[in-house]
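So the chains spell out like this:
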Amino acid sequence: MDEIDRNITVALQLDGSAGLAELAKVAGLSVSATAERVKRLEERGVIRAWRADIDPAAAGCPLLVHILVTVAPGKDEAAFRKAMKKQEAVLECHAITGDWTYLLKVRLADLSALDAFLNDELRAQAGVQRVETLLAIATVKETSILPVAPADLEE
């Protein structure tokens, strides 16, 4: 990614609704050249999707929970991954190092929804051996804005 692509991706992360004219100013290009750059960033998978940043409370899921899970290795683990991908409340599922197998980031309506998720969905999965729930009492920072690396000088 060169400096122009970097500038476009940084600008789009800060304001995904920025128009091509605004992006062209940031990129130092014409509107048509900027449109072509954005199209190429999409085609290369740098821009994976266009989304809105929705307030979790307004969406009815103010409860943020991180859940550590230990899953027995083998076919149960593949089934667990598949099940977590289908769970709407699971925003992120990461395979991790250490004593745990997975770290989940989950958004739910309230504690009763958490109880149902833990008992009916998570612990019901074959191979789940251990679960620890970490309830967020306050969110100091939550972002999806990536720290885009400086442009590669070799390009």
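As the structure is a prediction and not an experimental result, all values here were calculated from the model.

### Some remarks on the environment of valine 31
Working step 1: Mapped onto the fold, valine 31 is located in helix α3 (residues 31-43).
Working step 2: Among the residues examined, valine 31 registers a relative accessible area of 40% and is labelled partly exposed.
Working step 3: Here the alpha-carbon distance between valine 31 and threonine 143, two residues 112 residues apart in the chain, equals 29 Å.
Working step 4: Not counting chain neighbours up to four residues away, the residues in contact with valine 31 comprise Leu20, Ala21 and Ala24.

### Focus on the pattern of salt bridges
Working step 1: Throughout the structure, instances matching the rule amount to 5 salt bridges.
Working step 2: Across the pair arginine 37 and aspartate 5 runs a salt bridge whose closest N-O atoms are separated by 2.9 Å. Here the residue arginine 37 occupies a position in helix α3, and aspartate 5 occupies one in helix α1 (residues 3-14), the gap between them amounting to 32 residues. Across this residue pair, the class does not change: arginine 37 and aspartate 5 are buried.
Working step 3: Residue arginine 107 is joined to glutamate 142 by a salt bridge in which the shortest nitrogen-to-oxygen separation is 2.9 Å. With arginine 107 in strand β3 (residues 102-108) and glutamate 142 in the segment after β4 (128-135), the pair connects residues that are 35 residues apart, well separated along the chain.
Working step 4: Salt bridges sharing common partners tie together Asp2, Asp5, Arg37 and Arg44.

### Focus: the packing of aromatic side chains
Working step 1: Summed over all chains, the structure comprises 1 aromatic pair.
Working step 2: Seen in terms of ring centroids, phenylalanine 80 and tyrosine 102 are 4.9 Å apart; in terms of plane orientation they differ by 40°. Their pairing is tilted. Of the two residues, phenylalanine 80 is situated in helix α4 (residues 75-86) and tyrosine 102 in strand β3; the sequence distance between them amounts to 22 residues. Residue phenylalanine 80 shares its accessibility class with tyrosine 102, and that shared class is buried.

### Describing the sheet that holds β4
Working step 1: Spatial strand order, β2-β3-β1-β4: 4 strands in an open sheet with antiparallel pairing. Edge strands, defined here as strands with exactly one partner in the open sheet, are β2 (90-95) and β4. Between one strand and the next, the sheet's axes are offset by a mean angle of 20°, whatever the strand orientation.
Working step 2: Pairing of β2 with β3 involves 5 bridges; the strand directions are antiparallel. In the strand pairing of β3, alanine 95 is matched with tyrosine 102.

Parameters at a glance
- Residues numbered from 1 in each chain as written.
- Predicted model: local features only at pLDDT ≥ 70, side-chain atom pairs only at ≥ 80, totals over all residues.
- Heavy atoms only, no water.
- Helix = DSSP H or I, 4+ residues; strand = E, 2+ residues; numbered from the N terminus.
- Buried < 20%, exposed > 50% of the residue type's maximum accessible area, 1.4 Å probe, protein only.
- Contact = heavy atoms within 4.5 Å.
- Salt bridge = Lys/Arg side-chain N within 4 Å of Asp/Glu carboxyl O.
- Phe/Tyr/Trp six-rings, centres within 6.5 Å; stacked < 30°, edge-to-face > 60°.
- Pairing = 2+ DSSP bridges.
- Axes fitted to C-alpha atoms, helices over the stretch in contact; angles between N-to-C directions.

By themselves, these observations are geometric and do not establish any function.
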